[in-house]
Amino acid sequence: MLVSAITTWEGTPAAIEQVIVGSRDAAPIHEQLGARNPRLMRSFAGGDMDRVEYMIDFDSFEACGAFTDAMMADEWFQGMTAAVAAAYPDLKNCGTRFAYDAI
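Residues numbered from 1 in each chain as written. Predicted model: local features only at pLDDT ≥ 70, side-chain atom pairs only at ≥ 80, totals over all residues. Heavy atoms only, no water.

> So what exactly am I meant to see when it comes to helix α2 (residues 61-73) here?
Residues spaced three or four apart along an α-helix face the same direction, because each turn holds 3.6 residues. Here α2 contains 13 residues, and its C-alpha end-to-end distance of 19 Å stays within 8% of the 18 Å for a straight helix at 1.5 Å per residue. Listing the buried residues of α2 in full gives Cys 64, Phe 67 and Met 71. Seen end-on, α2 carries its buried residues on one side only, within an arc spanning 65°. Facing away from the buried side of α2 by more than 90 degrees, the exposed set consists of Glu 62, Asp 69 and Ala 73. For α2, the secondary structure elements touched by its buried residues are β1 (3-11), α1 (13-32), β3 (51-58), α3 (75-87) and β4 (91-100). (Helix = DSSP H or I, 4+ residues; strand = E, 2+ residues; numbered from the N terminus. Expected span 1.5 Å × (residues − 1). Buried < 20%, exposed > 50% of the residue type's maximum accessible area, 1.4 Å probe, protein only. Arc of directions from axis to C-beta. Contact = heavy atoms within 4.5 Å.)

> Help me understand the packing of aromatic side chains in this model?
Geometrically, a pair of aromatic rings is defined through the distance of the ring centres and the angle of the planes. Considering all chains together, one arrives at two aromatic pairs under this definition. Residues Phe 58 and Phe 67 carry aromatic rings whose centres are separated by 5.1 Å and whose planes lie at 45° to one another, so their mutual orientation is tilted. By the burial criterion, Phe 58 is buried, and Phe 67 matches it. Where Phe 61 meets Tyr 100, the ring centres are 5.7 Å apart and the plane angle is 70°; that geometry is what we call edge-to-face. Note that Phe 61 is positioned in helix α2 and Tyr 100 in strand β4, a separation of 39 residues in sequence. Residue Phe 61 is classed as partly exposed on the basis of its relative accessible area of 46%. (Phe/Tyr/Trp six-rings, centres within 6.5 Å; stacked < 30°, edge-to-face > 60°.)

The structure is reproduced here in structure tokens:
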């Protein structure tokens with residue numbers, strides 16, 4: 001089963017560029033913690049130019065839960081959370097949704 005975590009970020013052009021840089025740094029950390037296929041999706045047409053979506057995949061609900069537990073305990077996550085708070089209101093974390101492939 002494919003499970004995906006999708007985090008939406010909204011911000012100024014400069015803040016979105018920082019999310020791009022931060023996502024490149026986060027991807028290998030997320031993979032070490034058990035995520036697969038990290039990617040940052042950015043619109044090039046159709047609106048939402050001030051938003052990006054960072055996505056990671058898991059093979060099961062259990063793998064997603066184990067990743068979440070590991071990430072919440074990781075020092076990297078604590079530092080990232082502080083950096084995001086400092087960037088507000090130029091950068092907003094719009095939340096993370098979890099979805100699974102139903103077909």
